[in-house]
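This is what each chain is made of:
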Amino acid sequence: MRTRARRKVPIRTRRMADLREADEAELQRLVAAEQQKAQFTAQVHHFMELCWDKCVEKPGNRLDSRTENCLSSCVDRFIDTTLAITSRFAQIVQKGGQ
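Note that the structure is predicted; figures quoted are calculated from it, not measured.

1. Considerations on the side chain of Thr-67
Thought 1: Residue position: Thr-67 is located in helix α2 (residues 65–97).
Thought 2: Thr-67 has contacts with Cys-55 and Val-56, leaving out every residue within four places of it along the chain.

Okay, here's the thing in C-alpha cells:
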C-alpha cells in the first residue's frame with residue numbers, strides 16, 4: 001500500500017490563510033456590531049412610536065406642557081429600563097466569563 005508524501009505548505013501560503021481567517025473574524029465582529037446597532041435603532045423607533053401614541057393626542061405647532069411632560073417621562077422610563085437591562089446582561093456575561 002502506497003502512502004502519499006505530505007507536501008509542506010509554503011510559509012507565505014500559511015500567512016495568507018491566517019490573514020484570511022483574521023479578516024473573516026474581524027468581518028464577523030463588524031457584522032455583529034452593525035446588527036446590534038440596527039436592533040437598537042429599531043427598538044428606539046418602536047419605543048418612540050409607543051410614546052408618541054400614548055402622549056400626543058393631536059399634533060400641533062407646539063407641545064403643551066402635559067404632552068411634553070408625558071413624552072419626557074416616557075423617554076426617561078425607556079432610558080432607565082435600557083440601563084437596567086444592559087447592566088443585568090453585563091453581570092450575566094461577567095459571571096459566564098469567570
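2. With respect to the layout of surface pockets
Thought 1: What the largest pocket holds in volume is close to 320 Å³.
Thought 2: Elements with a contribution of two residues or more to the lining of the largest pocket: α1 (11–55) and α2.
Thought 3: In terms of residues, the lining of the largest pocket owes the most to one element, α2, which gives five residues.
Thought 4: In the lining of the largest pocket, the residues fall into four nonpolar, five polar and no charged.
Thought 5: Put simply, the second largest pocket is a space of about 160 Å³.
Thought 6: Lining the second largest pocket are Trp-52, Val-56, Glu-57, Lys-58, Pro-59, Gly-60, Arg-62, Leu-63, Asp-64, Arg-66 and Thr-67.

3. Re the state of the cysteines
Thought 1: One pass over the full model with this rule turns up two disulfides.
Thought 2: Each sulfur in the disulfide pair Cys-51 and Cys-74 lies 1.9 Å from the other. Taking the torsion about the sulfur-sulfur bond, which here is approximately -85°, the covalent link between Cys-51 and Cys-74 counts as left-handed. Highlighted residues: Cys-51 in helix α1 and Cys-74 in helix α2, separated in sequence by 23 residues. Judged on exposure class, the residue Cys-51 and its partner Cys-74 are both buried.
Thought 3: Here Cys-55 connects covalently by a disulfide to Cys-70, the sulfurs 2.0 Å from one another.

The rules we used
- Residues numbered from 1 in each chain as written.
- Predicted model: local features only at pLDDT ≥ 70, side-chain atom pairs only at ≥ 80, totals over all residues.
- Heavy atoms only, no water.
- Helix = DSSP H or I, 4+ residues; strand = E, 2+ residues; numbered from the N terminus.
- Contact = heavy atoms within 4.5 Å.
- 1 Å grid on protein atoms, 1.4 Å probe; cavity = no way out; pocket = protein on both sides within 12 Å on 5 of 7 lines; lining within 4 Å.
- Points joined across faces, edges and corners; volume = space filled by probe spheres on them.
- Nonpolar A, V, L, I, M, F, W, Y, C, P; charged D, E, K, R; others polar.
- Disulfide = S-S within 2.5 Å.
- Buried < 20%, exposed > 50% of the residue type's maximum accessible area, 1.4 Å probe, protein only.

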